[in-house]
Amino acid sequence: MDPDIALFVDVVREGSLAGAARLWRLSPAMVSKRIARLEGRLGIRLLHRTTRRLAPTTAGAAFHGEVAPLVAGLRVAEARMTQHGDGPSGPLRVSAPTSFGRMWIAPHLTAFLDRYPAIRLRFDLTDDFVDLIDSGIDLAIRITATPPAGLAAHRLADNRRVLCASPAYLAKAGTPRSISDLSNHALLAAKGQFPWRLTGATVNGESRVETPSSEVVRELVLGGAGVALRSLWDVGDALADGRLIRVLPDHEGSVAVGVWAVHAAAGVPLAVPALLDHLRDVWRDAAWMT
């Protein structure tokens, strides 16, 4: 494997010379020197460099698209030949939805890293569906009914969603007895979450509070602001201790929606299946899984 090409792939993956320098245990100046050496050898400019950002040139993006899968494949092959049961190693970049990642992935990462100390993990939380290839993401957790085409996709769990409200809200506004009753209630949803596609019904509406944050919606429903459609992994504890009450229990969110893991179809680091196995194991007995 050409080390300068591998370094270039990691620069693009990390989005900065400093990020790649940390991975390679080099100074940013040395990383810059080696990228310049590669550019000189190829006779093309690979990166746009400014004080604020770094991005591939058009030629650099095309070159990255050609070499990144090859570098990934070589790294996997090298790992298989050299690790001899010591476990996966090297960089692993993971993306997950904000609330889900904070509640159900982050608490279990210490055990994973203790088991595989040679993995260098980067964990990004975002509710955007980022492009894995362009962003250098090895593994993304998605809550969706339709995982993206062209990627390997694993359904890790169902994502049961229920209608719920606080006792204080229901005492004030009354308990809806039918789907049509919801038109007389304050509804809560993050941007883009309407319509609610339920078993046997579809609910269109406007959220009482406009917000892009699902976590804000959770706090609003707990605070008595209205009725929300929430995932059991998110509000199961509040339903269990009475802070929230299910309403219209005959209607749940579409069963097509699940918790998915997606990654490139080939050339993924060995750390990817290791993390998938770890998550399946730690979630096996979670209440929201049943």
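Structure: see above.
This write-up is about the structure you can find in this document. The model shown is predicted, which means the values in this text are computed figures rather than measured ones. (Residues numbered from 1 in each chain as written. Predicted model: local features only at pLDDT ≥ 70, side-chain atom pairs only at ≥ 80, totals over all residues. Heavy atoms only, no water.)

Comments concerning the pairing of strand β13 (residues 258-263)
Moving residue by residue along a regular strand, the side chains alternate between the two faces of the sheet. With 6 of 6 residues buried, β13 is to be regarded as a mostly interior element. Burial along β13 is two-sided: G258, W260 and V262 and V259, A261 and H263, pointing in opposite directions, are all buried. Where strand β5 (residues 139-144) meets β13, 5 bridges bridge the pair, whose relative direction is antiparallel. When the sheet's bridge partners are listed, I141 is paired in β13 with A261. Bridge analysis of strand β6 (residues 152-158) against β13 gives 6 bridges, and the strand direction is antiparallel. What sits directly across from H154, in β13, is A261. (Buried < 20%, exposed > 50% of the residue type's maximum accessible area, 1.4 Å probe, protein only. Helix = DSSP H or I, 4+ residues; strand = E, 2+ residues; numbered from the N terminus. Pairing = 2+ DSSP bridges.)

Section: the sheet that holds β6
The 5 strands are arranged β4-β3-β5-β13-β6 in an open sheet whose pairing can be described as mixed. Each edge of the open sheet is held by one strand with a lone partner, namely β4 (119-125) and β6. Neighbour to neighbour, the strand axes of the sheet diverge by 20° on average, direction disregarded. Sheet contacts for helix α5 (residues 98-105): β3 (90-96), β4, β5 and β13; angle to β4, the most-contacted strand, approximately 135°. Packing against the sheet, helix α11 (residues 271-283) makes contact with β3, β4, β5, β6 and β13, and its axis sits at approximately 10° to β6. (Axes fitted to C-alpha atoms, helices over the stretch in contact; angles between N-to-C directions. Contact = heavy atoms within 4.5 Å.)

Some thoughts on the pairing of strand β7 (residues 161-165)
Counting buried positions over the 5 residues of β7 gives 5, a clear majority of the element. Burial of β7 is two-sided: the residues R161, L163 and A165 facing one way and the residues V162 and C164 facing the other way are all buried. One ladder, built from 4 bridges, connects β7 with strand β11 (residues 227-231); its direction is antiparallel. Each residue of the ladder has a partner; that of V162, found in β11, is R230. Relative to strand β12 (residues 245-246), β7 runs antiparallel, the two being bridged by 2 bridges. What sits directly across from A165, in β12, is I245.

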